[in-house]
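Given next are the chains, with one letter for each unit.
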Amino acid sequence: MTYRLGVIGGGRMGSALVAGLLAEKIYTPAEIIISHPRPERRQFWADTYGVGVSGDNPTAAAASQVVLVAVKPQQFAQVGLDLQGSNPGAVYISVLAGTTLATLETAVPGRPWVRAMPNTPVQVRSGMTALAWGGQVSEPQQQWAVQLFKAVGQVVCVPETYLNGVTALAGSGPGYVALLVEALIDGGVLVGLPRALATQLALQTILGTAQLLQQQSLSPAELKAQVMSPGGTTSAGLLCLERQGVRGALMQAVQSAYQRAQTLG
Ligand SMILES: NC(=O)C1=CN([C@@H]2O[C@H](COP(=O)(O)OP(=O)(O)OC[C@H]3O[C@@H](n4cnc5c(N)ncnc54)[C@H](OP(=O)(O)O)[C@@H]3O)[C@@H](O)[C@H]2O)C=CC1
Ligand SMILES: O=C(O)[C@@H]1CCC=N1
């Protein structure tokens, strides 16, 4: 059987993408094969998504038109060896943080490599993915890759030099936002709200604010000014955030993540 999509490494990012692509019916379970070294993880994939599974990377790659590599950067040396000589007709997509196209093309030469940086909201089709092209990727393959990731969120095509910055902001971003949500919920509980109510308020406030900024093309400064009544509650809260250095902390978080991505490469 020929599988259309082969996923090498069925961890968190591999799961998020497969879940999103299945939900959007881009693939059926029968058109996907996941390669994973651990039998219990293969069983999870078969039970949860009904996809094909393999414990052998070359077998999965040989059966696929698209090979999506979703192992950790530190695990790629072995996977690169596994993929050498496999399926020259396939398109290869890496989601590895930091790992450059030059590294990918050296490890598995003569293949069209796409370097992608998605984030986990692809699972609910609200992802943000940036794509950069290796030297052997044709124009139709580029268009196809854009369509694939567009099915699970927004897509931008960028020069490869931007990808570590994209990783630091959007790839890691769900982690930062989750921390903000958690802190807002705890703040609500601190002032006496039930946790379930605080959770609903925090989530919808973050979602609604992002939608407002996006749909009305407001700058963050404009939105902030609209919320800040003179002598009111928002200015009191914002003064606290500025005194605690939250703005600088977030900027440094992106910078630290960027520097880490550089070292992974
Ligand atoms: N998580 C995220 O939000 C994002 C992650 N990424 C990138 O995606 C990649 C995967 O990250 P993530 O899913 O979080 O990590 P995970 O550790 O959850 O997933 C990697 C998976 O690959 C498996 N694996 C290890 N060695 C091999 C091998 N030789 N062959 C096949 N599979 C193997 C691991 O198995 P085992 O569990 O046994 O180690 C694990 O299940 C990384 O390169 C990361 O930079 C990119 C964007 C966002
Ligand atoms: O933390 C990481 O390294 C990966 C890359 C982006 C999000 N998770």
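Since the model is a prediction, treat every value here as computed from it, not as a measurement.

Here is what the cut-offs are and how they apply
Along each chain, the written sequence defines residue order, and numbers are assigned to residues from 1. Chains and ligands are labelled by the order in which they are written, letters from A for the one and numbers from 1 for the other. Note on the predicted model: pLDDT of at least 70 is required for a residue's local features to be given, and 80 or more for side-chain atom pairs to be given and counted; whole-chain, interface and lining totals, by contrast, use all residues. Each side-chain value is worked out from all heavy atoms of the structure, with water and hydrogens disregarded. Being near a molecule or strand, for a residue, means having at least one of its heavy atoms within 4 Å of it. Under the convention used here, a 1.4 Å probe and the Shrake-Rupley method define accessible areas, while residue burial counts only the protein chains that appear. Residues are grouped as follows: nonpolar covers Ala, Val, Leu, Ile, Met, Phe, Trp, Tyr, Cys and Pro; charged covers Asp, Glu, Lys and Arg; every other residue, Gly included, is treated as polar. Any two strands with at least two DSSP bridges between them are considered paired. By the criteria applied, helices consist of DSSP H or I runs no shorter than four residues and strands consist of E runs no shorter than two, each listed in order from the N terminus. Only C-alpha atoms enter the line fits that serve as axes; for helices the fit covers just the stretch in contact. Angles between N-to-C directions range over 0 to 180 degrees. Contacts are residue-level and defined by heavy atoms, with any inter-residue pair within 4.5 Å sufficient. A pair is scored as a salt bridge if a Lys or Arg side-chain nitrogen falls within 4 Å of a carboxyl oxygen belonging to Asp or Glu. Any residue under 20% of the maximum accessible area for its type is buried, any over 50% is exposed, and the rest in between are partly exposed; the area is computed with a 1.4 Å probe on protein chains only. What counts as a domain boundary in this text is fixed by an automatic or database domain assignment. For this analysis, a polar contact is any N or O atom pair within 3.5 Å, provided that within protein one partner can donate a hydrogen and the other can accept it, and provided that sequence-adjacent residues contribute only side-chain to side-chain pairs. Comment on the angle field: the value is read as roughly parallel under 35 degrees, roughly antiparallel over 145, roughly perpendicular from 65 to 115, and oblique elsewhere. A clockwise turn of the near helix away from the far one marks a right-handed crossing, whereas an anticlockwise turn of less than a right angle marks a left-handed crossing.

(A) Layout of the site of ligand 1. Surrounding ligand 1, one finds 22 residues, the nearest of these being Met13, His36, Arg38, Val71 and Lys72. Burial of ligand 1 by the protein amounts to 80% of the accessible area it has alone, namely 880 Å². Grouping the constituent residues of the shell around ligand 1 by class yields 11 nonpolar, eight polar and three charged.

(B) Structural detail: the sheet that holds strand E7 (residues 127–133). An order of E3-E2-E1-E4-E5-E6-E7-E8 is seen for the eight strands of this open sheet, with the pairing classed as mixed. Of all the strands in the sheet, the pair left with one neighbour each is strand E3 (52–54) and strand E8 (153–157). Each strand axis lies, on average, 25° off the axis of its neighbour in the sheet, ignoring direction. Two strands pair when backbone bridges link them, and strand E4 (residues 64–69) and strand E5 (residues 91–94) are joined in this way by four bridges, in the parallel orientation. Residue pairing in the sheet places Val69 in a bridge with Ser94 of E5. Along the sheet, helix H4 (residues 76–83) makes contact with strand E1 (3–8), E4, E5 and strand E6 (113–117), crossing E4 at roughly 165°.

(C) Inspection of the pattern of salt bridges at higher detail. Tallied over the entire structure, the rule returns six salt bridges. Across the pair Glu40 and Arg38 runs a salt bridge whose closest N-O atoms are separated by 3.1 Å. The residue Asp186 makes a salt bridge to Arg195 at a minimum N-O spacing of 3.1 Å. Residue Asp186 is classed as partly exposed on the basis of its relative accessible area, which comes to 39%.

(D) Broad picture of the domain arrangement of the protein chain. Domain annotation of the protein chain identifies domain 1 (3–160) and domain 2 (173–264). Between the C-alpha centres of domain 1 and domain 2 there is a distance of 32 Å. Every contact between the two is made by eight residues of domain 1 and, on the other side, five residues of domain 2. Where domain 1 meets domain 2, there are zero residue pairs in polar contact (both at pLDDT 80 or more). For the side of domain 1 that touches domain 2, the class distribution of residues is three nonpolar, five polar and no charged.

(E) Representation of the packing of helix H8 (residues 173–190) against helix H9 (residues 195–215). Between H8 and H9, the least distance of the axes is 8 Å, while the angle of their chain directions is 135°. With respect to their mutual orientation, H8 and H9 come out oblique. In the crossing of H8 with H9, the sense of the turn from one axis to the other is right-handed. Judged by residue contacts, Val177, Val181, Leu184, Ile185, Asp186, Gly188 and Val189 of H8 engage Arg195, Ala198, Thr199, Ala202, Leu203 and Ile206 from H9. Its residues placed into classes, the contact of H8 with H9 shows nine nonpolar, two polar and two charged.

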